[in-house]
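Coordinate inspection notes
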Amino acid sequence: DTNLFRWDAARQNLEVTWDSSSPNSYFYKPLGTVLARDDDFQVEFDLTLTDATAVGYMELAVGLLNFAQATNAAFSRPAGNTPNLFEFDYFPGGPESYGPSLDVSLADDTVSATNESDFYFAYDTNALLNGVTYHVILTHTNGQAGIAGEILTNGQIFTTFPNVYAGPISDFRLDTLSISSYSTNGDPYGDSILAHGVVDNITVTLPPPPIRNFSGVWSNGFWQAQWISRSNWLYTLQRATDLGGWTDVSAPVPGNATNLFVTDTNPPPGHAFYRVKAERP
């Protein structure tokens, strides 16, 4: 629902409505890479709420997701079918709820409507005040099966999310930054949220790209490509003669966290173009 997001060109910030009566809606930007459990990364942003009301237990969200899955028709926050999430959630609390809650949430790639347990979240039972700017920091450390976070106001710690529910996290795949307004369509409990506010000063800190210093040389009569690779990625050398159709000229090769060398053992006569495809296994 594009009506939920308005870019303020003068103030250089985003005015957001989180409205659970609308379909799942995202103001998003692709990361240009894929993040997994073996990566260090961080998301920071400022959040200022104008108002936030809820019935039952429903949240507003900002963070990272897997775009293909988040735009799948089966993706549902109320049903728990939300694989691959890394986000800040604020539950304002309302009638028949547990009261307000601030959460940092991580869902792995196995979460589904029938397997809702693979969530890790840390939380605090504070409420956000309207008109106050909060700086939110979400952090993942290489290899950790969890998410850490803190919120600051005027440079002072507001919360570090002291309470933890450590659901079993295997691995995940995140590729998109998103300000997310989740729908409660189909929620059997009648939960809802309507909130307005501003998101500003977003910073995403990513690990090094999976391909660096790509180059090529002739070696013993064959064209050999080389680049600095990363562990836990698969690399395929591809070739084209006209920049149109690309053909794999190597099997997928696992990265080694240093220089990787892959050779085209059957180069065409004349000229050719080369590129490397990097994928998360």
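Everything below is about the structure shown above.
Residues numbered from 1 in each chain as written. Predicted model: local features only at pLDDT ≥ 70, side-chain atom pairs only at ≥ 80, totals over all residues. Heavy atoms only, no water.

Our focus in this paragraph is the layout of surface pockets. The space that makes up the largest pocket amounts to roughly 730 Å³. Lining the largest pocket are 24 residues, with Tyr57, Arg77, Pro78, Phe91 and Glu116 positioned closest to its centre. Contributing elements (two or more residues each) for the lining of the largest pocket: strand 7 (101-107) and strand 8 (119-124). (1 Å grid on protein atoms, 1.4 Å probe; cavity = no way out; pocket = protein on both sides within 12 Å on 5 of 7 lines; lining within 4 Å. Points joined across faces, edges and corners; volume = space filled by probe spheres on them. Helix = DSSP H or I, 4+ residues; strand = E, 2+ residues; numbered from the N terminus.)

Let's shift gears to the pairing of strand 13 (residues 174-181). The buried fraction of strand 13 amounts to seven of the eight residues, a majority that puts the element mostly inside the structure. Strand direction decides the pairing type here: strand 3 (residues 25-35) and strand 13, joined by seven bridges, are antiparallel. Bridge assignment links proline 30 to a residue of strand 13, and that residue is threonine 176. (Buried < 20%, exposed > 50% of the residue type's maximum accessible area, 1.4 Å probe, protein only. Pairing = 2+ DSSP bridges.)

Here we take up the sheet that holds strand 12 (residues 163-166). Reading across from one edge, 3-13-5-6-7-8-12 is the order of the seven strands in this open sheet, with antiparallel pairing throughout. The sheet is open, and its two borders are formed by strand 3 and strand 12, each paired with just one other strand. On average, each strand axis in the sheet is tilted by 15° relative to the strand beside it, whichever way the strands run. By the bridge criterion, four bridges tie strand 8 to strand 12 in an arrangement that is antiparallel. Bridge pairing in strand 12 places tyrosine 120 opposite alanine 166. (Axes fitted to C-alpha atoms, helices over the stretch in contact; angles between N-to-C directions.)

Under the definition given, this model contains 11 salt bridges. Two residues, arginine 77 and aspartate 89, come together in a salt bridge whose shortest N-O distance is 3.1 Å. Placement of the pair is arginine 77 in the loop between helix 1 (67-70) and strand 6 (85-91) and aspartate 89 in strand 6, with a sequence separation of 12 residues. Shared partners join several salt bridges into a network, and the residues in it are Arg6, Asp8, Arg11 and Glu15. (Salt bridge = Lys/Arg side-chain N within 4 Å of Asp/Glu carboxyl O.)

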